[in-house]
Amino acid sequence: LFLDEPTSGLDSHNACSLIKLLTVLASRDSAVLCTIHQPSSEVFALFDIVIFMKAGRIFYQGPVSKISTHYADLDHPCPENYNPADFVMNLCQSLSGDALERLYMPVPAERQLESASAKELAVVKVVFTPSSGFAKQLAQLTYREWVSTCRNPQALLTRYGVTIFLNILYGVVFWQIGSKDTAESSNFNAHVGMVCNALVATIMLNSQSAMLAFPFERPMFLREYSTGTCKSLYRVLLSAVCRAGLCAVMRL
Amino acid sequence: VHTDDVTPYMISKLVAELPTTLVQCLLQYMMVKLMSGLQADFFQFVTVAFGLALVANSYGMMLGAAIPDVKDVVEAWVPLFAPQILFTGLFTRIRQIPVFLRWAQYLSAMSYALKLGYYLEFNPNQEHCMASEEAGQNCAGLLTSGGPTGEPVLWWVNVLCLFGLFMVARVLAAVALTKQAARHG
């Protein structure tokens, strides 16, 4: 999860609540990276790893808890009860020349991508592989779908409301037609019409929701999918078998 | 959620839509039963409607997966769904449709569901069909070659065909998503 200044515009309480939520995500094997601007000491302490950058170079990279000892070792001890974030920011703004240069962190040679040629950079391809198995992905996605449905009761109510309205209309037009004498052709024709109209209503009512919702949900899927590389048709076929089982169960 | 193929996504969509669609079908046919006096077994009819609803949902998903703009999806809905009704034989008998177009009836989910609906509602064993000789003739006529659908009803063939259309639409939706995701990546 990449976030660009997620605490911007939030008060200190909400900023802290948000970062606490991100730490919960991080504790569940999600990588959370975010930029942040002037965090409070409480918020700052919630981060595990921090990178301070100045003019495109890494000023500090490492655990938040090690900032004080790191700078104490370099003869710049952080005052007691002082926000380490403010301390590092002040340090990199107030120092200059060799004193500042001495504090920059060295970049290991193997990480110096900028020294590679454009041709070499062009072939650098990041390959993502999912850390979760099929069952976990399915459980998470199903949970998300369910939460999404529950969060939008208005859509569900509208769908059921339209169903009720349409069927009241049909019910009034075909009032108790099924109970009338089928021997009379007018009754029989109306009875057939009732069955037809009910099924036409079913197909109309049920195609719309997926059709209209899907284009809005698709970008999210494409983003998630594009970080994967495995496009296995056999899994699509496997899911078809699963659906066959589900349908059989529903029929029973 | 980091996903490496379309399958969990498609299954999760299906699992989420199963209860909402089932409730919608129960609600609809409860009203049909109470107000219009549906004679067929309620749960059997709801099962047919539920099957049709899932196919309709799959068609909707297929359009939504293949076409990015919701306005274009709405435009594409008409040519996909209008023939569903045209090829049921409701307004014209199948044998009156030009021979070179008759194959399209086999793509109509509505046609299969309607045959099943007729089978349940106008089965000669239904009480209203056994009330008199004329009633029996009307019911039998609908289910045989004289009926608007033009063919005798084999209920399990229609169930299989509905299921086949459901599968084809879902797989096509999955393929459309996969292709676009590959381009997106």
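## Description of the overall build of chain A
Step number 1: Each helix and strand counted, chain A has 10 helices and four strands in total.
Step number 2: The secondary structure elements of chain A, listed N-terminal to C-terminal, are β-α-β-α-β-β-α-α-α-α-α-α-α-α.
Step number 3: Out of the 252 residues in chain A, the part that is buried amounts to 31%.
Step number 4: Sequence-distant contacts, at least 24 apart, represent 47% of the contacts inside chain A between residues at least 6 apart.
Step number 5: Of the roughly 15,700 Å² that chain A leaves accessible, carbon and sulfur atoms contribute 61%.

## Overview of the pattern of salt bridges
All names here are of chain A.
Step number 1: A full pass over the atoms with the stated rule returns three salt bridges over all chains.
Step number 2: Of the charged contacts in the structure, one is a salt bridge between Glu101 and Arg57, with a shortest N-O distance of 2.8 Å. Taken together, the residues span a long stretch of sequence, with Glu101 in helix H5 (residues 97-101) and Arg57 in strand S4 (residues 57-63) at a distance of 44 residues.
Step number 3: Glu101 sits in the partly exposed class, given a relative accessible area of 42%.

## Looking at the state of the cysteines
All names here are of chain B.
Step number 1: Per the counting criterion, the structure on display carries one disulfide over all chains.
Step number 2: Covalent S-S linkage joins Cys129 and Cys139, the inter-sulfur distance amounting to 1.9 Å. Every disulfide takes its handedness from the sign of the S-S torsion; for Cys129 and Cys139 that torsion is -80 degrees, giving left-handed. Of this pair, Cys129 sits in the loop between helix H4 (109-121) and helix H5 (133-143) while Cys139 sits in helix H5; the two residues are 10 residues apart in sequence, bridging distant segments of the chain.

## Section: the interface of chain A and chain B
Step number 1: Listed as interface residues are 78 residues of chain A and, on the opposing side, 88 residues of chain B.
Step number 2: Summed over both sides, the interface of chain A with chain B buries roughly 7,800 Å², with 73% coming from carbon and sulfur.
Step number 3: Our enumeration of links across chain A and chain B arrives at 20 residue pairs in polar contact (both at pLDDT 80 or more).
Step number 4: Ranked by the residues each element gives to the side of chain A that touches chain B, the list is headed by helix H9 (residues 185-226) of chain A, at 32 residues.
Step number 5: Residue composition of the side of chain A that touches chain B, grouped by class: 44 nonpolar, 23 polar and 11 charged.

## Regarding unusual backbone geometry
Residue and element names in this part refer to chain A.
Step number 1: Although it is not a glycine, Gln38 sits at a positive phi angle of roughly 45 degrees.
Step number 2: Relative to the helices and strands, Gln38 is located in the loop between strand S2 (33-35) and helix H2 (41-44).
Step number 3: The phi dihedral of Asn81 falls on the positive side, at around 55 degrees, and the residue is not glycine.

## A few points about the layout of surface pockets
Residues and elements named next belong to chain A.
Step number 1: Volume-wise, the second largest pocket comes out at about 930 Å³.
Step number 2: Along its surface, the second largest pocket is lined by 29 residues, and Cys34, Ile36, Ile49, Val50 and Ile51 are the ones closest to its centre.
Step number 3: Where the lining of the second largest pocket is concerned, the elements lending two or more residues are helix H1 (12-27), S2, strand S3 (49-54) and helix H4 (84-94).

## With respect to the packing of aromatic side chains
Step number 1: Per the stated rule, a full pass over the model turns up 12 aromatic pairs over all chains.
Step number 2: With centroids separated by 5.3 Å and ring planes inclined at 45 degrees, the aromatic side chains of B:Tyr29 and B:Phe45 adopt a geometry described as tilted. Residue B:Tyr29 is located in helix H1 (residues 6-36), and its partner B:Phe45 is located in helix H2 (residues 42-66); the two are separated by 16 residues in the primary sequence. B:Phe45 carries the same exposure label as B:Tyr29, and that label is buried.
Step number 3: Put simply, the rings of A:Phe59, A:Tyr60, A:Tyr71, A:Phe87 and A:Tyr104 pair up and form one aromatic cluster.
Step number 4: Note that A:Arg57 overlies the ring of A:Tyr104, its terminal NZ or CZ placed 3.9 Å from the centroid.

## A few points about the nonpolar core
Step number 1: The biggest cluster of nonpolar side chains holds 73 residues, and the ones touching the most others in it are B:Tyr29 and B:Tyr118.
Step number 2: Where this core is concerned, the elements lending two or more residues are H9 of chain A together with H1, H2, helix H3 (70-86), H4, H5 and helix H6 (155-184) of chain B.
Step number 3: Counting residues per element, this core draws most heavily on H2(B), which supplies 16 residues.

## Regarding the packing of H2(B) against H3(B)
Residues and elements named next belong to chain B.
Step number 1: Axis separation between H2 and H3 bottoms out at 10 Å; the angle between their running directions is 145 degrees. Crossing of H2 against H3: the hand is right-handed. Across from Ala56, Tyr59, Met62, Leu63 and Gly64 in H2, the residues of H3 making contact are Val73, Ala76, Trp77, Leu80, Phe81 and Gln84.
Step number 2: Split by residue class, the contact of H2 with H3 holds nine nonpolar, two polar and no charged.

## Let's talk about the confidence of the model for chain A
Residues and elements named next belong to chain A.
Step number 1: Averaged over every residue, the pLDDT of chain A is 81; the share at 70 or more is 79%.
Step number 2: Confidence scores differ between elements of chain A, with helix H10 (residues 233-251) showing the lowest mean pLDDT of 48 and S2 the highest of 93.
Step number 3: Contacts for the low-pLDDT stretch residues 229-240, under 50 throughout, to residues beyond four places or in other chains number 22 contacts.

## Focus: the environment of B:Gly60
Step number 1: Within the secondary structure layout, B:Gly60 lies in helix H2.
Step number 2: Judged by relative accessible area, B:Gly60 falls into the buried class, the value being 0%.
Step number 3: Sequence separation between B:Gly60 and B:Leu80 is 20 residues; the distance between their C-alpha atoms is 9.5 Å.
Step number 4: Among residues more than four places away in sequence, those in contact with B:Gly60 are A:Ser207, A:Ala210 and A:Met211.

Calculation rules
Residues numbered from 1 in each chain as written. Chains lettered and ligands numbered in written order. Predicted model: local features only at pLDDT ≥ 70, side-chain atom pairs only at ≥ 80, totals over all residues. Heavy atoms only, no water. Helix = DSSP H or I, 4+ residues; strand = E, 2+ residues; numbered from the N terminus. Buried < 20%, exposed > 50% of the residue type's maximum accessible area, 1.4 Å probe, protein only. Contact = heavy atoms within 4.5 Å. Areas by Shrake-Rupley, 256 points an atom, 1.4 Å probe, with all protein chains shown as cover. Salt bridge = Lys/Arg side-chain N within 4 Å of Asp/Glu carboxyl O. Disulfide = S-S within 2.5 Å. Buried area = accessible area lost by both parts, 1.4 Å probe. Polar contact = N/O pair within 3.5 Å; in protein donor to acceptor, adjacent residues only side chain to side chain. Nonpolar A, V, L, I, M, F, W, Y, C, P; charged D, E, K, R; others polar. 1 Å grid on protein atoms, 1.4 Å probe; cavity = no way out; pocket = protein on both sides within 12 Å on 5 of 7 lines; lining within 4 Å. Points joined across faces, edges and corners; volume = space filled by probe spheres on them. Phe/Tyr/Trp six-rings, centres within 6.5 Å; stacked < 30°, edge-to-face > 60°. Lys NZ or Arg CZ within 6 Å of the ring centre and 35° of its normal. Core = buried A, V, L, I, M, F, W, Y, C linked by side-chain atoms within 4.5 Å. Axes fitted to C-alpha atoms, helices over the stretch in contact; angles between N-to-C directions. Left-handed = near helix turned anticlockwise from the far one by under 90°. pLDDT = per-residue confidence, 0-100.

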